[in-house]
Each structure stands twice: as C-alpha cells, then as structure tokens.
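Each chain, written out:
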Amino acid sequence: MDYRLTEDQQAIQDMARRFTADAITPNAGEWDEHKLFPREVIRQGAELGFGGIYVSEAMGGCGLGRLEAALIMEAMAYGCPSTSAYISIHNMAAWMIDHYASDELRARYVPRLASMELLASYCLTEPGAGSDAASLKTTATRDGAHYVLNGGKAFISGAGENDVYVVMARTGGPGARGISCLVVEKDMAGVSFGAQERKLGWHSQPTAMVMFDNVRVPVENLVGEEGMGFRIAMAGLDGGRINIGACSLGGAQRCLDDAITYTRERRQFGQRIADFQNSQFMLADMATQLEASRALLYIAALKVSEAAPDKTRFAAMAKLMATESGSRIVNDALQLHGGYGYLMDYPVERFFRDLRVHEILEGTSQIMRFVVGRSLVE
C-alpha cells in the first residue's frame, strides 16, 4: 500500500490549509466568544469547492472522494472544528440529494447547494429518538400531491439560518422501513424554529429545534423512494462520521502543535518544561495516538469512497478512535499549558469544548462500539 498522498491530494490539502490560515484561524476565537455564525467566510470556502466536495461535477460539485473531503475537514478544523463540522454537515445533506434524488430535484437544489447559495441541514434526531433513530415520530402523511409533515427535530446544526432541511419522517409503519426522506425549505408554511441552544462548544454555528406543523411538502421533494429514508440517512452518516473524525484530528493536531510550542517556551525549576521527561512522554503519547487515528481514518475514508463491504464498520471504528483520541490529546495539551490552558487567552480551551461533542453526534462512541461489535459477530 502507498500511504503517501497523491500530488492532487497534497494540493487540495495545501489549499485548505491556506484558506484556514487566512480566513478561519485569525477569526475563530471571536466567533466562539461572541457566538457569531461566519456565513460569508463559509461561502468563501464554496469558491474553492468546499460546498460540494463529493457532489458530482455535473451538479456543480468537485466529484472528489471521501479521503479528499477528510483532508479538507482536518485542515479547516485546525483553525475551528465548529466551522469545519458545519461545512461537513452541509456537504452530507447536499450529497444525499445528489446521490438519491430524482434528476428534477437534483437540478433544483444541488447546484445552489454546491455554490452555497443555499445552505443545508441534516434532520434525523428527535427529542425522543437519538441513538434509536429508527423510532422517530415525525410523520409525513400523503395528501394528494403533497406530504403533510408534522413533528420536530432536535440538535439541528444550522437551524433557523439554513435554507434547506433534509428531513427523515415516517411515511409508513414502525421501524426503519417506514421512514422516508424529504427536502423541506425554510420558508414553507408551518416550518418554525426553537430558541438557539446554550451549548458547551460549537459556538460558531447555530443549533436549534426545527418544528413542522402541517407543512405541505410537494411529493416531488421525496428523496429516493418511500421507505428508503433510513438507509439514505445511514449512508450519509458513513461519510459524516469520517468527516467528524477528521475534525477531531485537525483540532488535536492544532493543540499538539500549541503544546509543543508552549512547553519549549515555558520555564520552571530552571529549565524548559519540554526538557522534563514527563512532558516528553505526554507529547509522545499524544503524537502516537494522533498518527494512529489518522491512519485508520484515511483507510476508512478510502473504503467509503470505494463502497467496500466493510465501509460502515471502518467508518465507525475511525470515528470512535479519532474522536476519543482527539479529546484525550486536547485534554493533555490543556494540562501541559497548566493554568493558562484554562483561560480563553489560549485556544486550547476552545478546542477542548468543541471536540467533546464529536463523541456524541452522528453516533455516540457507545453506538460506534455497537456497530463494530455487531458487524464482527453477525
């Protein structure tokens, strides 16, 4: 196996790193402190193709693979994991429409999603249906040329700001086979939003409930066929989990780099704290965990791109390892900063808060273990 990036992949990574250094890193602290949604910076990313990374070229996307997407997410998360994760979720929603919808629906939405003229949310989780997503209660009842949508979705990234919502709703009986996927627009009558959630991290992106009260959605907005919704949602999550893991890698790399710089500069007991064996052992463990997580995630990304039979297992393993290792690395980086790491003057505390949710969203660490374990014994 050749573990080196191709020239094209290296160029993509370099471009994403330059964009991050110029547009994201200098502003991320302010976005976090003041809870600002950087819509214009996000749309600048679309000029580089970041609005439709693995959307087909025919629909205005880049047509890249999941490894290239992971490289981009990792690079942007070096500056701001919250903003990188937001762009990941938009890409996931755009890909679901592009991959599964009718040609008419694709033409209506996907080019504008790829350009980020429209921004998209992924709507699966409900107040009573989190890890048990197949138990969702939101309903879409057929009424002539429309589905009548009722219910609510929780913890939706972009809620209230985004234009398009890819919604999983029940059109049939109980369980996964009764779920379908619909494209809902923000301005459709009966769509409303809850108050912005008060979160530990991810302050640069809005998060709220989305409510549906007799929303009439044209039948043409069905993605795929009735009953395909849960399968579409899970297919989206295979790639989404790779991206969220990549966001943890980027944040962890930033905090490792900052910890190395800090320990070289900080002096105690007459020497740099980098010269203490304890500090070196901590840094060694952090670097080793990071590189092992990165290797597994890149392999998983290739498997998702190739639609390998074990892609779901590897995506779950990669997310599990990258997100848990990422949080440990950032925690150790904060420890190496001592009391200063607890202050907002140093970015490590923001990364500590932002990365924590990666072990929860798009499948908790416990669900990832369940997915992997079940696949091993089936």
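Refer to the structure printed above.
Residues numbered from 1 in each chain as written. Predicted model: local features only at pLDDT ≥ 70, side-chain atom pairs only at ≥ 80, totals over all residues. Heavy atoms only, no water.

A tally of regular secondary structure across the protein gives eleven helices and ten strands. The principal-axis extent of the C-alpha atoms belonging to the protein is close to 80 × 45 × 40 Å. Residues counted as buried form 55% of the 378 residues belonging to the protein. At a minimum sequence separation of 6, the contacts of the protein that also span at least 24 residues come to 74%. Put simply, the protein shows about 16,200 Å² of open surface, and 52% of that area lies on carbon and sulfur atoms. One finds the centroid of the 37 positive side-chain charges in the protein at a distance of 4 Å from the centroid of its 46 negative side-chain charges. (Helix = DSSP H or I, 4+ residues; strand = E, 2+ residues; numbered from the N terminus. Buried < 20%, exposed > 50% of the residue type's maximum accessible area, 1.4 Å probe, protein only. Contact = heavy atoms within 4.5 Å. Areas by Shrake-Rupley, 256 points an atom, 1.4 Å probe, with all protein chains shown as cover. Lys, Arg positive; Asp, Glu negative; His and termini not counted. Charge placed at Lys NZ, Arg CZ, Asp CG, Glu CD.)

For the pair helix 1 (residues 7-24) and helix 3 (residues 39-46), interaxial distance at closest approach is 11 Å and the crossing angle is 160°. With respect to their mutual orientation, helix 1 and helix 3 come out roughly antiparallel. Seen along the crossing, helix 1 lies across helix 3 with a hand that is right-handed. Note on element contacts: helix 3 touches helix 1 through Val41, Gln44 and Gly45, opposite Phe19, Ala23 and Ile24. Of the residues assigned to the contact of helix 1 with helix 3, the class counts are four nonpolar, two polar and no charged. (Axes fitted to C-alpha atoms, helices over the stretch in contact; angles between N-to-C directions. Parallel < 35°, antiparallel > 145°, perpendicular 65-115°, else oblique. Left-handed = near helix turned anticlockwise from the far one by under 90°. Nonpolar A, V, L, I, M, F, W, Y, C, P; charged D, E, K, R; others polar.)

Attention now goes to the pairing of strand 7 (residues 207-218). When strand 3 (residues 146-157) meets strand 7, the two strands line up antiparallel, connected through nine bridges. Each residue of the ladder has a partner; that of valine 148, found in strand 7, is arginine 216. Pairing of strand 6 (residues 191-193) with strand 7, which is carried by three bridges, proceeds in the antiparallel orientation. Note that in strand 7 the partner of phenylalanine 193 across the bridge is valine 210. (Pairing = 2+ DSSP bridges.)

What follows is about the packing of aromatic side chains. Inspection of every chain in the model, using the stated rule, returns seven aromatic pairs. Residues phenylalanine 19 and phenylalanine 50 carry aromatic rings whose centres are separated by 5.8 Å and whose planes lie at 75° to one another, so their mutual orientation is edge-to-face. Linking phenylalanine 19 in helix 1 with phenylalanine 50 in the loop between helix 3 and helix 4 (66-77), this pair joins segments that are 31 residues apart in sequence. Given a relative accessible area of 1%, phenylalanine 50 falls into the buried group. Where phenylalanine 269 meets phenylalanine 276, the ring centres are 6.4 Å apart and the plane angle is 85°; that geometry is what we call edge-to-face. Take phenylalanine 269: its relative accessible area is 78%, and that puts it in the exposed class. When its relative accessible area of 28% is taken as the criterion, phenylalanine 276 is described as partly exposed. Put simply, the rings of Tyr262, Tyr340 and Tyr346 touch in pairs and so form one group of aromatic residues. Over the ring of tryptophan 95 we find arginine 66, and its NZ or CZ is 4.7 Å from the ring centre. The positively charged end of lysine 303 is found above the aromatic ring belonging to phenylalanine 314, 4.6 Å away from the centroid. (Phe/Tyr/Trp six-rings, centres within 6.5 Å; stacked < 30°, edge-to-face > 60°. Lys NZ or Arg CZ within 6 Å of the ring centre and 35° of its normal.)

The full count for this structure, using the stated rule, is 18 salt bridges. The salt bridge involving arginine 112 is made with glutamate 117; its shortest N-O contact spans 3.8 Å. Given a relative accessible area of 31%, arginine 112 falls into the partly exposed group. One network of salt bridges, with partners in common, ties together Asp32, Glu349 and Arg353. (Salt bridge = Lys/Arg side-chain N within 4 Å of Asp/Glu carboxyl O.)

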